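This is what each chain is made of:
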Amino acid sequence: MAKKDLDNDLFAGGSISEGKKKSKKEKKGNARNKSKKGISANTAKIIRSAVAVVLVVALLVTYVATGLVRKGFIHSTLQWTTYLTAVTVKSDNGDKINVPVSTYNYYYALKYNNLKQRQEAANNSDGENSSILGILGLLQEPVDADFSKPLSDQTTTDDNNETITWQEYIYNDVIETIEETYSFYLAAVRDNDGAEPEITATQKSQLDSTLSEYKEAAEEYGYTLSAYLVAVMGKGVTETVFRREATRSYIADNYKSSISSETVEKKYTDAEYDKYKEENPDTLKTVDVRIFEANSESDAEAFKKALKADGSNFTELAVKYSKDGFYKKYYADDSASTVTKATRSFLMNSSGFSIGKEDESSKKEEEKTYTGLDWLYSADRKAGDINSFSKTVVYVLSPAEEADGNTINIRHILISPKGEPSKATSAKDADWDSALQEAEKLLEQFNKGDKTAKSFADLAGKNTDDPGSEETGGLYEDVAPGQMVLPFNNWCFADGRKAGDTDIIKTESGYHIMYFDGETKTPIWKSFAETQMKDKDSQSKADAIEEEFTAKVNWFGSRYFEIDTDIDR
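Residues numbered from 1 in each chain as written. Predicted model: local features only at pLDDT ≥ 70, side-chain atom pairs only at ≥ 80, totals over all residues. Heavy atoms only, no water.

Undergrad: Which residues make up the overall build of the chain, and what are the values?
TA: Counting secondary structure elements, the chain contains 22 helices and 17 strands. A fraction of 73% describes how many contacts in the chain between residues 6 or more apart in sequence connect residues 24 or more apart. As displayed, the chain has an accessible area near 25,300 Å², and 47% of this comes from carbon and sulfur atoms. (Helix = DSSP H or I, 4+ residues; strand = E, 2+ residues; numbered from the N terminus. Contact = heavy atoms within 4.5 Å. Areas by Shrake-Rupley, 256 points an atom, 1.4 Å probe, with all protein chains shown as cover.)

Rendered as structure tokens:
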């Protein structure tokens, strides 16, 4: 299994590649901004609406009491309104579907709950945890809303830097999500001779499991599943509606994935590679840096002032500005704060570091500026330069230049505390000690044998806790810089690395027994170029579908939309 087929915690880019936001006003007279998700040919494939299929039951349970308080007799008599058309999604070619109010309410509840969960996650993430989540591309900015008060009384800024209420923000996001989801859903149905495509067995199982958990929660409160979902998610969101919308989300997701899969197989000529390189030299350049995401801007500034000109105390300061626990120990290793051969797009789209965020003064897409990245990738940079941007502290090891060397094939065996990577960061010291001892024993066992790639693969198949490489003997093929989490990445691309090298390294997932399989014949710059070209090609196909379809809100149906969940009813 090649790396493009994998979706696990080793990958530094997270699960999605963020695309650009463009205004449809320029193209179809619609003033509403349309959020676009790019499709990376080499990353896991997911659509925004499908993310919400697997909700945390406990999160919904917290809304039961308040939901029942705010919804009484009047609410129950208005269930008929959920059959009204909320949004009509149609294409230039006549494909059309009327989306009911119940669907709007379904997405509204998901958006509201996800925003609240996002805020809670951000509030519970200390500085060092934020940095790790940022490296993985999993951290989002906290929400500046007070969920104990009406969202219609609180303001935020939209993508055009205009002030709107949080209620308007969620409304806009819901309409965008419905438009995006149903655009790809309708395209999938059309390409399937007018029939709704089947979702995968795994997706069916996942949906059944989620609803089963909801049913258990409902029974604890003396409800049927449908009554429970209506109580916590809004008018009309019954089991049937939940199942229908989740299924359609999966269908849309799968269709997007099929577009991405088509580009994965696409081949480019040497002339096309050379042309891309000539036209996009800056996107292929990389830097080597020491980088740390502090808990606050004041901490970042203090870190910067205390950092020596030669960078020798970077690790010491990273530990100091990490709080007690796993991450203080994690940052004691230089590799935890070292990024080798990082492209501009990696820092901007995948890592979540503050240095990769666009300037707040940016208003329109074509006017976006990135002060931190512009500084870092400037031709004026030199080794030893130090700066901080918001909460990011950066020390330049090597300024921007074309990446030398080739991609690599790497094998590893993951030994995770408690046997599960997702639980590693909460594991106790004794669990980590036990995992290290097991890793050392396996490496010793390997070294006593013939020390071949095959013998390593045999050990990996029997012992690894990484499901993404279990069937491939721990192998990841054609790996380029920036695709794996930092300690893993940095070991792979260390100077002087040669075939047959072994070691044990630590990441937030556990201990990795490493085996360097060797370099490929693919230059790193060409790997970067291929990914970027395929991303653009798949994005163009996705753009064409999104531009083909438009969504129009039904005024009468909109009178019955959910507003300010838990508050305004």
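Undergrad: Please set out the side chain of Arg411 residue by residue, giving values where relevant.
TA: Within the fold, Arg411 resides in strand β13 (residues 406–415). Judged by its relative accessible area of 12%, Arg411 falls in the buried class. A polar contact of 3.2 Å, which involves the side chain of Arg411, links it to the backbone oxygen of Thr472. Within the local environment of Arg411, its side chain forms a polar contact with the side chain of Asp517, the two groups lying 3.4 Å apart. (Buried < 20%, exposed > 50% of the residue type's maximum accessible area, 1.4 Å probe, protein only. Polar contact = N/O pair within 3.5 Å; in protein donor to acceptor, adjacent residues only side chain to side chain.)

Undergrad: Mind laying out the pattern of salt bridges, listing which residues take part and the relevant values?
TA: Within this structure, the stated rule accounts for 28 salt bridges. Between Glu239 and Arg243 there is a salt bridge; the shortest N-O distance is 3.9 Å. Linking Glu239 with Arg243, this pair stays in helix α11 (residues 239–264), spanning four residues, or about one helical turn. Classification of Arg243 by relative accessible area gives partly exposed; the value is 30%. Across the pair Asp374 and Arg344 runs a salt bridge whose closest N-O atoms are separated by 2.7 Å. Linking Asp374 in helix α17 (residues 371–376) with Arg344 in helix α16 (residues 344–350), this pair joins segments that are 30 residues apart in sequence. Arg344 gets classed as partly exposed once you look at its relative accessible area, which sits at 23%. Taken together, the shared-partner salt bridges connect Asp95, Arg190 and Glu548 into one network. (Salt bridge = Lys/Arg side-chain N within 4 Å of Asp/Glu carboxyl O.)

Undergrad: Explain a negative patch on the surface to me, and be specific about the residues and the numbers.
TA: On the surface, a cluster of negative charge is made up of Glu213, Glu216, Glu219 and Glu220. When you line up the elements, Glu216 lands in helix α9 (residues 201–220). (Patch = residues over 30% accessible without salt bridge, like charges linked within 9 Å, V, L, I, M, F, W, Y side chains within 5 Å. Lys, Arg positive; Asp, Glu negative; His and termini not counted. Charge placed at Lys NZ, Arg CZ, Asp CG, Glu CD.)

Undergrad: Please give an account of the side chain of Glu508 that cites residues and values.
TA: Secondary-structure assignment places Glu508 in the loop between β15 (502–507) and β16 (510–523). Of the side chains with opposite charge, Lys506 lies nearest to the buried Glu508, which makes no salt bridge, at 9.8 Å.

Undergrad: Can you tell me about the packing of aromatic side chains, naming the residues and giving the values?
TA: For the coordinates displayed, the defined rule picks out 22 aromatic pairs. Seen from their ring centres, Tyr112 and Phe147 are 5.4 Å apart, and the 90 degrees between their planes marks the pair as edge-to-face. Within this pair, whereas Tyr112 is found in helix α6 (residues 101–123), its partner Phe147 is found in the loop between α7 (127–135) and β7 (155–157), the two being separated by 35 residues in sequence. The exposure class assigned to Tyr112 is buried, which follows from its relative accessible area of 1%. Among the aromatic side chains, those forming a connected cluster through ring pairs are Phe292, Phe303, Phe314, Tyr321, Tyr330 and Tyr331. Above the face of the Trp525 ring, Lys277 is positioned so that its terminal group lies 4.3 Å from the ring centre. For Arg497, the ring lying beneath its charged end belongs to Trp491, and the centroid distance is 3.8 Å. (Phe/Tyr/Trp six-rings, centres within 6.5 Å; stacked < 30°, edge-to-face > 60°. Lys NZ or Arg CZ within 6 Å of the ring centre and 35° of its normal.)

Undergrad: Report on the nonpolar core, specifying residues and quantitative values.
TA: Within the largest apolar cluster, 56 residues are counted, with the highest numbers of intra-cluster contacts made by Val89, Ile178 and Met233. With 12 residues, the single largest contributor to this core is helix α8 (residues 166–191). Among residues more than four places away in sequence, those in contact with Ile178 are Val87, Val89, Val99, Tyr104 and Tyr107. With 33 residues, the next largest nonpolar core counts Phe292, Tyr330, Ile413 and Ala435 among its residues. (Core = buried A, V, L, I, M, F, W, Y, C linked by side-chain atoms within 4.5 Å.)

Undergrad: So what about the sheet that holds strand β6 (residues 96–100)? Which residues, and what values?
TA: A sheet is described by the order of its strands in space; here three strands give the open sequence β6-β5-β17, paired in antiparallel fashion. Single-partner strands in this sheet number two, and they are β6 and β17 (549–553). Put simply, the sheet's adjacent strands are angled 20 degrees from each other on average, direction ignored. The pairing of strand β5 (residues 85–91) with β6 spans five bridges and is classified as antiparallel. Residue pairing across strands places Lys90 opposite Lys96, the latter belonging to β6. Against the sheet, α8 touches β5, β6 and β17, its axis set at about 135 degrees to β17. Packed on one face of the sheet, helix α21 (residues 524–548) meets β5 and β17 and runs near 40 degrees to β17. (Pairing = 2+ DSSP bridges. Axes fitted to C-alpha atoms, helices over the stretch in contact; angles between N-to-C directions.)

Undergrad: Please give an account of the sheet that holds strand β10 (residues 338–343) that cites residues and values.
TA: Either a parallel or an antiparallel arrangement is found when strands of a sheet pair, and the pairing is made through backbone hydrogen bonds. Pairing in this open sheet of four strands is antiparallel, and the strands run β10-β9-β12-β11 from one edge to the other. Two strands bound the open sheet, and with one partner strand each, they are β10 and β11 (386–389). Looking at each pair of strands side by side, their axes are set apart by 35 degrees on average, direction ignored. Here β11 runs beside strand β12 (residues 392–402); their pairing, made up of four bridges, is antiparallel. Of the residues in β12, the one forming a bridge with Ser388 is Val393.

Undergrad: Quick rundown of unusual backbone geometry? Include the residues and the values.
TA: Of note in this structure, Lys341 is not a glycine but carries a positive phi near 50 degrees. Relative to the elements of secondary structure, Lys341 occurs in strand β10. For Lys341, a relative accessible area of 12% puts it in the buried group.

Undergrad: For the pairing of β10, give the residues involved together with the corresponding values.
TA: Counted residue by residue, β10 has six buried out of six residues, so it is predominantly covered. Looking at chain direction, strand β9 (residues 285–293) and β10 are connected through four bridges and run antiparallel. For Arg290, the partnering residue across the bridge sits in β10 and is Thr338.

Undergrad: Break down the environment of Thr81 for me, with residues and values.
TA: Considering the arrangement of structural elements, one finds Thr81 in the loop between α5 (73–77) and β5. For Thr81, a relative accessible area of 0% corresponds to the buried category. Linking Thr81 and Phe561, residues 480 residues apart in sequence, is a C-alpha distance of 9.3 Å. Not counting the four nearest positions on each side in its chain, Thr81 is found in contact with Val101, Lys235 and Tyr560.

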